[in-house]
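# Examining the three-dimensional arrangement
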Amino acid sequence: MSKKAKIIVIVACVAGALLTALVAAFVVREWLFSREYVPGDDEFALFFVLDTEEDVGLIVFDYTANGRKFGGGVSNADRTPLKKGEVIIDTRSREELECEGTTVRLTYELRIITEYVDPNYENIYPEEITRRLQPVSWTAAFGTAYDVVITGSKTKGYTVTVSEHTGEAS
């Protein structure tokens, strides 16, 4: 084989190896980072969708599950506001809610804290930055995801709707 043919073979092998590595990297990235969260059989997921006019500080909620009272909230660990358009995934497990059935009756009372403040376990925040939403109730099935869409602004007020997750909001 001539020297020119050897160079062509080497270049072709290197190009093929690079192309294979790029395709593999793309496939791994898509598999790791583009997959949507799917709840397990013993939990349900809430996709909080911020369809708001501005960023918000926190989302705080009191809720009942089959009549038992709980509380919680979502915020960014890096102490930044939740961004408008952002989708935050929160899950609840059968064990956490002490439920034995395949469904649970929920009522959520959400509050938007319009400015970032450090979260606290009492869920007590200044009234001047707190916006209360009308409660929402539904029966959640374990193994299912739900869109909790929050719309509005701090001046006009906020509303919330809940529907089974379609995959379009995330």
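Below, the structure is looked at part by part. (Residues numbered from 1 in each chain as written. Predicted model: local features only at pLDDT ≥ 70, side-chain atom pairs only at ≥ 80, totals over all residues. Heavy atoms only, no water.)

### Observations regarding the nonpolar core
- If you look at the biggest cluster of nonpolar residues, it comprises 29 residues, and the most contacted ones within it are Phe44, Phe48, Ile59, Val104, Tyr108, Leu110 and Ile150.
- Taken together, the elements giving at least two residues each to this core come down to β1 (43-52), β2 (58-65), β5 (103-113), β7 (136-141), β8 (145-153) and β9 (157-164).
- For this core, the leading source of residues is β5, giving five residues.
- Apart from residues lying up to four places away in sequence, Leu110 is in contact with Phe48, Ile59, Val60, Phe61, Arg131, Arg132, Leu133, Val136, Val148 and Ile150.
- Counting residues in hydrophobic clusters, the runner-up holds five residues, among them Leu58, Val60, Ile113 and Ile129. (Core = buried A, V, L, I, M, F, W, Y, C linked by side-chain atoms within 4.5 Å. Buried < 20%, exposed > 50% of the residue type's maximum accessible area, 1.4 Å probe, protein only. Helix = DSSP H or I, 4+ residues; strand = E, 2+ residues; numbered from the N terminus. Contact = heavy atoms within 4.5 Å.)

### Some remarks on the packing of aromatic side chains
- Applying the stated criterion across every chain, the model contains nine aromatic pairs.
- An angle of 55 degrees between the planes, with centres 5.2 Å apart, marks the rings of Phe61 and Tyr108 as tilted. Of this pair, Phe61 sits in strand β2 while Tyr108 sits in strand β5, and the two are 47 residues apart along the sequence. The burial state of Phe61 is the same as that of Tyr108; both residues are buried.
- Ring centres 6.0 Å apart and planes at 55 degrees place the aromatic pair Trp138 and Tyr146 in the tilted group. When sorted by exposure, Trp138 lands in the same class as Tyr146, which is buried.
- What links up through ring pairs into an aromatic cluster is the set Phe44, Phe48, Phe61, Tyr63, Phe70, Tyr108, Trp138, Phe142 and Tyr146.
- A cation over a ring is seen here: Arg94 above Phe142, with NZ or CZ 4.5 Å from the ring centre. (Phe/Tyr/Trp six-rings, centres within 6.5 Å; stacked < 30°, edge-to-face > 60°. Lys NZ or Arg CZ within 6 Å of the ring centre and 35° of its normal.)

### A short note on the pattern of salt bridges
- Counted according to the given criterion, the structure contains eight salt bridges.
- When the shortest N-O distance is used, the salt bridge between Arg132 and Glu127 registers 3.1 Å.
- You can call Arg132 exposed: its relative accessible area is 55%.
- Each of Asp90, Arg92 and Glu96 takes part in salt bridges that share partners, so that together they form one network. (Salt bridge = Lys/Arg side-chain N within 4 Å of Asp/Glu carboxyl O.)

### What to know about the pairing of β9
- Note that β8 and β9 share eight bridges and pair antiparallel. Following the sheet pairing, Tyr146 is matched in β9 by Glu164.
- Linking β8 back to β9 in an antiparallel pair, the connection comprises three residues. (Pairing = 2+ DSSP bridges.)

### Overview of the environment of Phe44
- Along the polypeptide, Phe44 turns up in strand β1.
- The exposure class assigned to Phe44 is buried, which follows from its relative accessible area of 0%.
- Taking the C-alpha atoms as reference points, Phe44 and Arg94, separated by 50 residues in sequence, lie 8.4 Å from one another.

### Looking at the side chain of Glu43
- By the element assignment, Glu43 lies in strand β1.
- At 8.9 Å, Arg92 is the nearest oppositely charged side chain to Glu43, a buried residue that forms no salt bridge.
- Within the local environment of Glu43, its side chain forms a polar contact with the side chain of Tyr37, the two groups lying 2.4 Å apart.
- A polar contact is formed between the side chain of Glu43 and the backbone nitrogen of Gly40, at a distance of 2.9 Å.
- Excluding its chain neighbours within four sequence positions, the residues that come into contact with Glu43 are Tyr37, Thr91, Arg92, Ser93, Phe142, Gly143 and Thr144. (Lys, Arg positive; Asp, Glu negative; His and termini not counted. Polar contact = N/O pair within 3.5 Å; in protein donor to acceptor, adjacent residues only side chain to side chain.)

### Topic: the environment of Gly67
- Its place among the elements puts Gly67 in the loop between β2 and β3 (68-74).
- Along the backbone, Gly67 and Thr107 are 40 residues apart, and their C-alpha atoms lie at a distance of 8.8 Å.

### A few points about the side chain of Asp90
- You can see Asp90 is positioned in strand β4 (residues 87-93).
- Taking relative accessible area as the criterion, Asp90 reaches 13% and is therefore assigned buried.
- A polar side-chain atom of Asp90 sits 2.9 Å from a polar atom in the side chain of Arg92.
- When near neighbours in sequence (up to four residues on either side) are disregarded, Asp90 contacts Phe44, Ala45, Leu46, Phe48, Phe61 and Val74.

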